[in-house]
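Architecture and fold: a report
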Amino acid sequence: MTANPSTPDGEEVVRYRVDGPVATVTMNRPRYRNAQNSAMTYALDDAFGRAVDDDDVKVIVLAGAGEHFSAGHDIGTPGRDVDRSFPRRAGLWWDHVGKAGAESRFARESEVYLGMCRRWREIPKPTIAAVQGACVAGGLMLAWCCDLVVAADDAFFADPVVRMGIPGVEYFAHPWVMGPRFAKEFLFLGERVSAARALELGMVNRVVPRDGLADTTRDIAERIATLPRLGLALTKKAVNQAEDLMGLRAGMDAAFGLHHLAHAHNAEVGVDSLAGHDARSMRDAARATEPRPSASGSAEDAPPDGGAAQR
């Protein structure tokens, strides 16, 4: 495995720590609200692989440094790396760099978005997302491929990409995570859903005070870690298979095709595949159409999709 890439400040984009039977993988781009570029994607994959290979690790926690879990895909930070090649691990699509149009977009997103999240969903050890602040668009994918989600009371969730003409993020788990009826509302309105509402909908397992997020997640992880490793792996596989029998995998494939039809349409009739939107325009549009949340003021400043996003 490769060493974790660094931020412009010299910090690793993903931090890895093992404490007893629990490995904590922390996204570490807090300045950009942990917007996910490809460097972070492959650093996450390195960290998850490291945890799987360590026989002393029983449970993996995914966290985000700073005020927010993740504000989505990187569509505009100085670390945006859409034109960089990385070693492909999630599939056998060709390198997207140097290709044009849909040939590039489809290959890249099959690898770094849909493919990677599916790969992480199949990690044979239990995974827990510890979510605070913004969990938006691409951030949802990172939480949803985990087995459990523990949310701080200041967490909020949203997928506003229909504003770009795109039918939801690439890892399209919406109808299974929250049910078909609310999935439509969630996408049509693009509104922020509070942690409390997410709990009612079954999107998260627990909601805890912000200052207790790490301790509560740790307690759950340690309790799970007392169970047999193979039993946990087989239980996880059984539930994942049941979800797939309920159409999750096939539904994602269908939605991914529609997602790329939307990108191609945008590129053909507009200025780019994102319908001319960037992180700032998405944030401003959300502020204009939605009441300000009652949660902490810091969350108000999080762009609704990736402090930044190339899709």
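Just above sits the structure.
As the structure is a prediction and not an experimental result, all values here were calculated from the model.

Applying the stated criterion to the full structure yields 6 aromatic pairs. Aromatic side chains Phe106 and Phe256 sit 5.2 Å apart centroid to centroid with 55° between the ring planes, which places their arrangement in the tilted category. Taken together, the positions of Phe106 in helix α2 (residues 101-121) and Phe256 in helix α9 (residues 248-269) put the pair 150 residues apart, joining distant regions of the chain. Note on Phe256: relative accessible area 4%, which makes it buried. Judged by centre distance (6.2 Å) and plane angle (35°), the rings of Phe182 and Phe186 are tilted. Of this pair, Phe182 and Phe186 both sit in helix α5 (residues 180-189), 4 residues apart, roughly one helical turn.

Spanning 21 residues, α2 covers 29 Å between terminal C-alpha atoms, matching the ideal 30 Å at 1.5 Å per step. For α2, the principal kink sits at Ser110 and spans about 45°. Within α2, 16 of the 21 residues are buried, which leaves the element mostly enclosed by the surrounding structure.

We now examine the sheet that holds strand β6 (residues 148-152). The sheet built from 6 strands is open, its strands ordered β1-β2-β3-β4-β6-β9 with mixed pairing. For this open sheet the edge positions go to β1 (14-19) and β9 (206-208), each flanked by a neighbour on one side alone. Taking the axes of each pair of neighbouring strands and ignoring which way they run, one obtains an average angle of 20° across the sheet. Of the pairings in the sheet, the one linking β1 to strand β2 (residues 22-27) comprises 6 bridges and is antiparallel in character. If you follow Tyr16 over to β2, its bridge partner there is Val25. Relative to β1, helix α1 (residues 38-53) is tilted by about 15°, and along the sheet it contacts β1, β2 and β3 (59-64).

Turning next to the environment of Arg280. Considering the arrangement of structural elements, one finds Arg280 in helix α10 (residues 279-289). Taking the C-alpha atoms as reference, Arg280 lies 9.4 Å from Gly76; in sequence the two are 204 residues apart.

Glancing now at the sheet that holds strand β7 (residues 156-158). If you trace the 3 strands from one edge of the open sheet to the other, you get β5-β7-β8, paired in mixed fashion. This sheet does not close on itself; its edge strands, each paired only once, are β5 (134-136) and β8 (193-194). Inspection of the sheet shows β7 paired to β8 by 2 bridges, in the antiparallel sense. Within β8, the residue paired with Phe157 across the bridge is Val193.

This part takes up the pattern of salt bridges. A full pass over the atoms with the stated rule returns 15 salt bridges. With a shortest N-O distance of 2.9 Å, Arg89 and Asp45 are connected by a salt bridge. Highlighted residues: Arg89 in the loop between β3 and α2 and Asp45 in helix α1, separated in sequence by 44 residues. A relative accessible area of 24% means that Arg89 is categorised as partly exposed. Glu200 is the partner of Arg197 in a salt bridge, and the nearest nitrogen-oxygen pair spans 3.1 Å. Placement of the pair is Arg197 and Glu200 together in helix α6 (residues 195-201), with a separation of 3 residues, close to one helical turn.

If you look at the biggest cluster of nonpolar residues, it comprises 69 residues, and the most contacted ones within it are Leu44 and Phe157. With 8 residues, α1 is the single largest residue contributor to this core. If we skip the residues at most four places from it in the chain, Leu44 touches Val14, Val25, Met27, Leu62, Trp120 and Leu142. Val61, Ile128, Ile220 and Leu232 belong to the second-largest nonpolar core, a separate cluster that totals 14 residues.

Of all the 5 residues making up β6, 4 are buried; the element is thus mostly covered by neighbouring parts of the structure. Relative to β6, strand β4 (residues 127-131) runs parallel, the two being bridged by 4 bridges. Within the sheet, the bridge partner assigned to Ala130 lies in β6 and is Val150. Note: β6 against β9, 3 bridges, orientation parallel. By the bridge assignment, Ala152 is partnered in β9 with Val208.

Take Lys125: it is sitting in the loop between α2 and β4. If sequence neighbours within four positions are ignored, Lys125 has contacts with Ala51, Val52, Asp54, Asp55, Val57, Lys58, Ile60, Asp147 and Lys236.

Relative orientation of the contacting elements α1 and α2 amounts to 25°, with a least axis distance of 11 Å. Looking at the two axes, α1 sits roughly parallel to α2. Crossing hand, α1 versus α2: left-handed. Counted together, Ser38, Thr41, Tyr42, Leu44, Asp45 and Phe48 of α1 and Arg108, Glu111, Val112, Met116, Arg119 and Trp120 of α2 form the full contact between these two elements. In the contact of α1 with α2, the residues fall into 6 nonpolar, 2 polar and 4 charged.

About the cut-offs
- Residues numbered from 1 in each chain as written.
- Predicted model: local features only at pLDDT ≥ 70, side-chain atom pairs only at ≥ 80, totals over all residues.
- Heavy atoms only, no water.
- Phe/Tyr/Trp six-rings, centres within 6.5 Å; stacked < 30°, edge-to-face > 60°.
- Helix = DSSP H or I, 4+ residues; strand = E, 2+ residues; numbered from the N terminus.
- Buried < 20%, exposed > 50% of the residue type's maximum accessible area, 1.4 Å probe, protein only.
- Expected span 1.5 Å × (residues − 1).
- Bend = angle between axes of the 7 residues up to and from the residue.
- Pairing = 2+ DSSP bridges.
- Axes fitted to C-alpha atoms, helices over the stretch in contact; angles between N-to-C directions.
- Contact = heavy atoms within 4.5 Å.
- Salt bridge = Lys/Arg side-chain N within 4 Å of Asp/Glu carboxyl O.
- Core = buried A, V, L, I, M, F, W, Y, C linked by side-chain atoms within 4.5 Å.
- Parallel < 35°, antiparallel > 145°, perpendicular 65-115°, else oblique.
- Left-handed = near helix turned anticlockwise from the far one by under 90°.
- Nonpolar A, V, L, I, M, F, W, Y, C, P; charged D, E, K, R; others polar.

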